[in-house]
Amino acid sequence: MDDAHAPGTPLNRSDLADQDFLSATGIARLEVVDSTGSTNADLLRSVTVEPSAWPDMSVLTAEYQTAARGRLDRHWEAPPLSSVSVSVVLRPANAEGRPLPTQSYSWLSLIGALALRETLLETAGLPAELKWPNDVLVRGKKIAGILAQLGPMVDGSVPPVILGTGLNVTLREEELPVPTATSVVLEAPRTADRTELLKSYLSHFAVLYRSFCNADGDPAAGLAGGPSLHKRVEAVMTTLGKQVRAQLPGDHEIIGHASRLDEYGSLLVVDRESREHVVTAGDVVHLRPWTSPDESGQGGYA
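First things first, this report covers the structure right here in the doc. (Residues numbered from 1 in each chain as written. Predicted model: local features only at pLDDT ≥ 70, side-chain atom pairs only at ≥ 80, totals over all residues. Heavy atoms only, no water.)

This part takes up the overall build of the protein. What the protein contains, in helices and strands, is 7 helices and 17 strands. For a compact globule of 302 residues, the expected C-alpha radius of gyration is about 19 Å, and the protein comes in at 19 Å, within 12% of that figure. Overall, the protein is about 60 × 50 × 35 Å in size when its C-alpha atoms are taken along their principal axes. Here the protein, with 302 residues, has 52% of them falling under the buried criterion. By sequence separation, contacts in the protein at least 24 residues apart represent 62% of the contacts at least 6 residues apart. Carbon and sulfur atoms make up 50% of the accessible area of the protein, which totals about 13,600 Å². Once the 26 positive and 38 negative side-chain charges of the protein are each reduced to a mean point, those two points are 3 Å apart. (Helix = DSSP H or I, 4+ residues; strand = E, 2+ residues; numbered from the N terminus. Rg over C-alpha atoms; globule rule 2.2 N^0.38 Å. Buried < 20%, exposed > 50% of the residue type's maximum accessible area, 1.4 Å probe, protein only. Contact = heavy atoms within 4.5 Å. Areas by Shrake-Rupley, 256 points an atom, 1.4 Å probe, with all protein chains shown as cover. Lys, Arg positive; Asp, Glu negative; His and termini not counted. Charge placed at Lys NZ, Arg CZ, Asp CG, Glu CD.)

The following block contains the structure:
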């Protein structure tokens, strides 16, 4: 393993500060910190206190996060210099500066997931897929999670979105948070250079995000000279076409066939009575594969 791949290698700050890279991606500001609780929490605080200092496509990345959190306040901690931990301020508006409708915001985390999938495929050479609502998998194991949080409305302006991404890069097996997780280095990648992966992710994200904004947040519009965001996400979402069990708050659950995504990026699940249920990312506690008792002889999780 060369130095750039080795655990404990810091991000290359001069590479990240390269003006050609920043102007090509439209990144307004890029800060690297050695350690923080959570990049998302930091940016939520910053956009409240000094909103003008953190315009659209401002980026904060940390070498080490001590209090990273995922959906539903799940916490985890990875060793220093082992992950890509990055958050981006998004103030979605089209080319004329008109803000996107807030109902389109639910697609922003899926844009992040799609951009990360492209990065893993093209830069690391890994066969990545998406798991609804916000995970990126490689060979069935979770390699990254994405969390979008709505910022505050300041001075009557549209609230920003803070999009946080955590990618496991050089974690060894014993350092993984759960047995169903993996890291870039464990999957025999072409590269596990954290700087390269971060730059690739931000570049892919910028193209998809700008294209989505210029389509006024319409997930059915063609993006960047190709298929719509809706089609692109559905094409790489491993959840679709499977039997799933969606666990909802209050011990409610829906078991059925994950058929498609609706226009808000919610998951449509058809139960055995052929009723269609809308499962939103904000509501679902767990979503797992499901094998019915009559198929497996015993039932339970696939």
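After that view, the rundown keeps rolling.
The subject of this paragraph is the packing of aromatic side chains. Using the criterion set out here, one finds 2 aromatic pairs in the structure. Centre to centre, the rings of Tyr201 and Phe205 are 6.2 Å apart; their planes meet at 40°, and the pair counts as tilted. Of this pair, Tyr201 and Phe205 both sit in helix H5 (residues 194-214), 4 residues apart, which is roughly one turn of that helix. Using a relative accessible area of 2% as the deciding quantity, one classes Tyr201 as buried. When its relative accessible area of 1% is taken as the criterion, Phe205 is described as buried. Between Phe205 and Tyr209, the aromatic rings sit 5.4 Å apart at their centres with planes inclined by 15°, giving stacked as the arrangement. One end of the pair, Phe205, and the other, Tyr209, are both in helix H5, 4 residues apart, so they sit about a helical turn from each other. Note on accessibility: Phe205 and Tyr209 belong to one class, buried. Members of the aromatic cluster, joined through ring pairs, are Tyr201, Phe205 and Tyr209. Across from the ring centre of Trp54, 3.6 Å away, lies the NZ or CZ of Arg29, which sits over that ring. (Phe/Tyr/Trp six-rings, centres within 6.5 Å; stacked < 30°, edge-to-face > 60°. Lys NZ or Arg CZ within 6 Å of the ring centre and 35° of its normal.)

One open sheet holds the 7 strands; their spatial order is S1-S2-S5-S9-S8-S7-S6, and the pairing between them is mixed. The open sheet terminates on both sides in strands that have one partner only, identified here as strand S1 (29-33) and strand S6 (128-131). Within the sheet, the average angular offset between the axes of one strand and its neighbour, ignoring direction, is 20°. For S1 and strand S2 (residues 58-62), the ladder comprises 5 bridges, and the chain directions are parallel. By the bridge assignment for S2, Val33 is matched with Ala62. Each of S2, strand S5 (83-90), strand S8 (141-150) and strand S9 (161-168) is contacted by helix H3 (residues 39-49), which is oriented at about 25° to S5, the strand it contacts most. (Pairing = 2+ DSSP bridges. Axes fitted to C-alpha atoms, helices over the stretch in contact; angles between N-to-C directions.)

On to the packing of helix H4 (residues 108-122) against H5, then. Put simply, H4 and H5 touch, their axes get as near as 8 Å, and they point 135° apart. Taken together, H4 and H5 sit at an angle that is classed as oblique. Of the two possible hands of crossing, H4 and H5 adopt the one that is right-handed. Touching Leu108, Ile111, Gly112, Leu114, Ala115, Leu116, Glu118, Thr119 and Glu122 of H4 are Leu197, Ser200, Tyr201, His204, Phe205, Leu208, Tyr209 and Phe212, all from H5. Along the lines of polarity and charge, the residues of the contact of H4 with H5 split into 11 nonpolar, 4 polar and 2 charged. (Parallel < 35°, antiparallel > 145°, perpendicular 65-115°, else oblique. Left-handed = near helix turned anticlockwise from the far one by under 90°. Nonpolar A, V, L, I, M, F, W, Y, C, P; charged D, E, K, R; others polar.)

This paragraph deals with the nonpolar core. Judged by nonpolar contacts, the single largest core of 67 residues is most densely connected at Leu120, Leu167, Val184 and Leu202. Residue contributions to this core peak at 10 residues, all from H5. Residues in contact with Leu202, not counting those within four places in the same chain, are Phe21, Thr25, Ile27, Leu30, Val59, Val86 and Val88. Grouped together as the second largest cluster of nonpolar side chains are 7 residues, Leu43, Val47, Trp54 and Leu60 included. (Core = buried A, V, L, I, M, F, W, Y, C linked by side-chain atoms within 4.5 Å.)

What follows deals with the pairing of S5. Burial within S5 is extensive, with 8 of its 8 residues counted as buried. Burial along S5 is two-sided: the face carrying Ser83, Ser85, Ser87 and Val89 and the face carrying Val84, Val86, Val88 and Leu90 are both buried. With 8 bridges joining them, S5 and S9 adopt antiparallel strand pairing. The partner of Ser85 across the bridge, within S9, is Gly166.

Mapped onto the elements of the fold, Ser211 is located in helix H5. Judged by its relative accessible area of 15%, Ser211 is buried. If we skip the residues at most four places from it in the chain, Ser211 touches Leu223 and Ala224.

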